[in-house]
Amino acid sequence: MIQEISTKKATYYEELLGKGYSRRDFMKFCTMITAYMGLQASAVAQVAEALKTTPRVPVIWLHFQECTCCSESFIRSSHPIVADIILDKISLDYTETLMAAAGYQAEEAMAKTMKDYHGEYVLCVEGSVPQGADGVYCMIGGKSSMDILHEAAEGAKAIICWGSCASNGCVQAAKPNPTQATPIHKIIKGKPIIKVPGCPPIGEVMAGVLVHIITFGTIPALDGIGRPKAFYSKRVHDSCYRRPYYDAGMFVETFDDENAKRGYCLYKVGCKGPSTYNACGVMRWNNGVSYPIQSGHGCFGCSEESFWDNGPIYQRQAAAGGFGIEENADKIGLVALGVTAAGIAAHAVATNLRKTKAIDSLIKEGKESEHELKNE
Amino acid sequence: MDTTYSKAHLLRRVFVWELPVRYYHWINALCILALIATGIIIGNPPAIMTSREAYASYWFGTTRFIHFAAAYIFFFNFIFRLYWGFVGNKYARWNQFIPTNAKFFKDMWAILKSDIFMTRGFQVHTIGHNRLAGFIYFLTFIAFGIQCLTGFGLYSAMSDWWLPNLFSWVPALFGGDFMMRLVHHWAMWFFILFVVVHVYLVFYHDYVEGRGEISSMGGGWKFVDEEVFQKNHPSEAKQENKK
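Residues numbered from 1 in each chain as written. Chains lettered and ligands numbered in written order. Predicted model: local features only at pLDDT ≥ 70, side-chain atom pairs only at ≥ 80, totals over all residues. Heavy atoms only, no water.

## Quick look at empty space enclosed by the protein
All names here are of chain B.
Logical step 1: According to the stated counting rule, one finds 9 cavities of 30 Å³ or more in the structure shown.
Logical step 2: Around the largest cavity, the lining is made up of 33 residues, and of these His67, Phe68, Gly151, Leu154 and His184 lie nearest the centre.
Logical step 3: Per-element accounting of the lining of the largest cavity gives the leading share, 7 residues, to helix H2 (residues 19-43).
Logical step 4: Partitioned by chemical class, the residues of the lining of the largest cavity number 19 nonpolar, 9 polar and 5 charged. (1 Å grid on protein atoms, 1.4 Å probe; cavity = no way out; pocket = protein on both sides within 12 Å on 5 of 7 lines; lining within 4 Å. Points joined across faces, edges and corners; volume = space filled by probe spheres on them. Helix = DSSP H or I, 4+ residues; strand = E, 2+ residues; numbered from the N terminus. Nonpolar A, V, L, I, M, F, W, Y, C, P; charged D, E, K, R; others polar.)

## Section: the packing of aromatic side chains
Logical step 1: For the structure on display, the rule yields 43 aromatic pairs over all chains.
Logical step 2: Aromatic pair phenylalanine 307 of chain A and tryptophan 308 of chain A: ring centres 5.0 Å apart, planes at 35 degrees, arrangement tilted.
Logical step 3: Here phenylalanine 307 of chain A falls in the buried class, since its relative accessible area comes to 5%.
Logical step 4: Taking relative accessible area as the criterion, tryptophan 308 of chain A reaches 36% and is therefore assigned partly exposed.
Logical step 5: By way of ring pairs, the aromatic residues Phe68, Tyr72, Phe75, Phe76, Phe152, Tyr155, Trp161, Trp162 and Phe167 of chain B are connected into one cluster.
Logical step 6: Positioned above the aromatic ring of tryptophan 221 of chain B is the side chain of arginine 13 of chain B, whose terminal nitrogen or guanidinium carbon lies 4.0 Å from the ring centre.
Logical step 7: The ring of tyrosine 24 of chain B is capped by arginine 81 of chain B, whose NZ or CZ atom sits 5.6 Å from the centre of that ring. (Phe/Tyr/Trp six-rings, centres within 6.5 Å; stacked < 30°, edge-to-face > 60°. Buried < 20%, exposed > 50% of the residue type's maximum accessible area, 1.4 Å probe, protein only. Lys NZ or Arg CZ within 6 Å of the ring centre and 35° of its normal.)

## Some remarks on the sheet that holds strand E1 (residues 59-63) of chain A
All names here are of chain A.
Logical step 1: Overall, parallel pairing links the 5 strands, which are arranged E2-E1-E3-E7-E9 in an open sheet. Of all the strands in the sheet, just strand E2 (94-95) and strand E9 (193-196) have a single pairing partner and so form its edges.
Logical step 2: Against the sheet, helix H7 (residues 103-116) touches E1 and E2, its axis set at about 135 degrees to E1.
Logical step 3: Against the sheet, helix H10 (residues 203-216) engages E1, strand E3 (122-126), strand E7 (158-162) and E9, with an angle of about 175 degrees to E7. (Pairing = 2+ DSSP bridges. Contact = heavy atoms within 4.5 Å. Axes fitted to C-alpha atoms, helices over the stretch in contact; angles between N-to-C directions.)

## Concerning unusual backbone geometry
Residues and elements named next belong to chain A.
Logical step 1: Here the amide bond leading from lysine 175 into proline 176 is cis, since omega sits at 5 degrees, within 30 degrees of zero.
Logical step 2: Tracing the sequence through the fold places proline 176 in the loop between helix H9 (163-168) and strand E8 (181-182).
Logical step 3: Put simply, cysteine 199 and proline 200 share a cis peptide bond, and its omega is -5 degrees.
Logical step 4: Relative to the assigned elements, proline 200 resides in the loop between E9 and H10.
Logical step 5: The phi angle at aspartate 134 is positive, at roughly 55 degrees, despite the residue not being glycine.

## Considerations on the layout of surface pockets
Logical step 1: Estimated volume of the second largest pocket: approximately 1,100 Å³.
Logical step 2: Val124, His125, Thr126, Val228 and Asn232 of chain B are the residues nearest the centre of the second largest pocket, which is lined by 39 residues in total.
Logical step 3: When residues of the lining of the second largest pocket are traced back to their parent elements, those giving at least two are helix H16 (356-375) of chain A together with helix H4 (102-116), helix H8 (177-209) and helix H10 (226-232) of chain B.
Logical step 4: Take the lining of the second largest pocket: its biggest share by element is 7 residues, from H16 of chain A.
Logical step 5: Split by residue class, the lining of the second largest pocket holds 12 nonpolar, 15 polar and 12 charged.

The structure is reproduced here in structure tokens:
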């Protein structure tokens, strides 16, 4: 009997009971995560049922060009069960930063998961893949990250791109992108890919995405860019508590002015909230304590593509590529306007020099026509 | 005196711009002015130091409202003009704008030489748009298209209506709102430069050619050399001669 239980694949619920959680803790977790996923209250039972009956979904979590801030964010998500049920168990399969195994054992664990759960496991990727110099910029266990990714993606049920690195390249893909850091969706085709951008993404968002896959066995609804709609359909601007100041046109001009002290809108000091799709304003960070705007700093736009290259951080300006950091489209536009005005002035002068004959002959003609009429 | 007298040109009054074209033009002009003005304010709002309660003021929201409202009018006006390009008179037709043959480019070059570089003293006479102007208007239509795409692309995320939501695929083209907003902003400068050059050239043509260039967009009439008219309207001219 004992042997039978241990060989059977345990469900999430069983794993939790084994860890010493009560059923009450479990239900609290289900309620919380259901709310985070944006589902109605009646779905709590569905989530609880799924976690009780479905065996643990095997997860392989790969780390490439990244800083591990996604993992850090994930293990700080507000409910300890998130880390316990998902991260502890992930470490049984494969994740470079958290698994107990090392070297040969680790590689073997990954190979075993890929073989035993072919077509079933979820592949989580943290970091981008360098394509420059045959991928030599990111090697693990003697293999390039490109090879590892292709190998792991082949048998994956779905791929989750954690963070901006895996979703759109992030800082290492900023110009001039020396290692040719490439996001996952540009390398792997033909697999469901979920992008969870952010630097890092919010821990609860990450948990919500994973629990959705576990609960429903499908990937969550995605938007046109491939991000889960539940978390990325609204701009940071739309849920910003400083939004009334925006509509009232009351802006912080510098970080040390009176308006900053009054907590006005950070639009003019470079807040990227109006262009950034994320759930920060609703979920906030560190167990809902705060988020950048609440701390008096504009949104950085960390979950948007090439946010490093899109102009100055502390100004609301339209960047213009190739004209230097300080230039912006409006300055160039003003110069163009000046040049145009000068051109027009020159043209007007030239008109009076070159076209005098034409104008004079017209005047003459007019007078002659009048003359003709009089004669008639 | 006699020799010049015999050469005197007869001018004919020609109805060039139909009423819908003139309505289109002025609605378009007002919309573009409103869009540029509000767009600049939205991009870089003025500094106001105040300790008023936020609820007492909504000027920035109003500015954005004007921008969006003007954008809708601009959009439908633009759609109407595209339609009119197929049903309007010969001066409003699509082929006045889109080059379909080599002659179009040859004529454009002639106008460049005579009106812009002024390497030749004489004028190229056309009744409706000259070829160069027509082509520039074609470019503005492309700019209209870019502004509609990026503008409604930006707007789609804050609207429930199906029309702006038709554009919800646009952000994905640019990788997100960042780049789309920048393109929307850059393209504004095309409009500013266009307006300046356009207004100048209207005055230029009115001054040099004396054919009622400016007032034609008010009443629709231009004064055209009989010779030029007969070249452009051979059948009409013949009919009238018969009478």
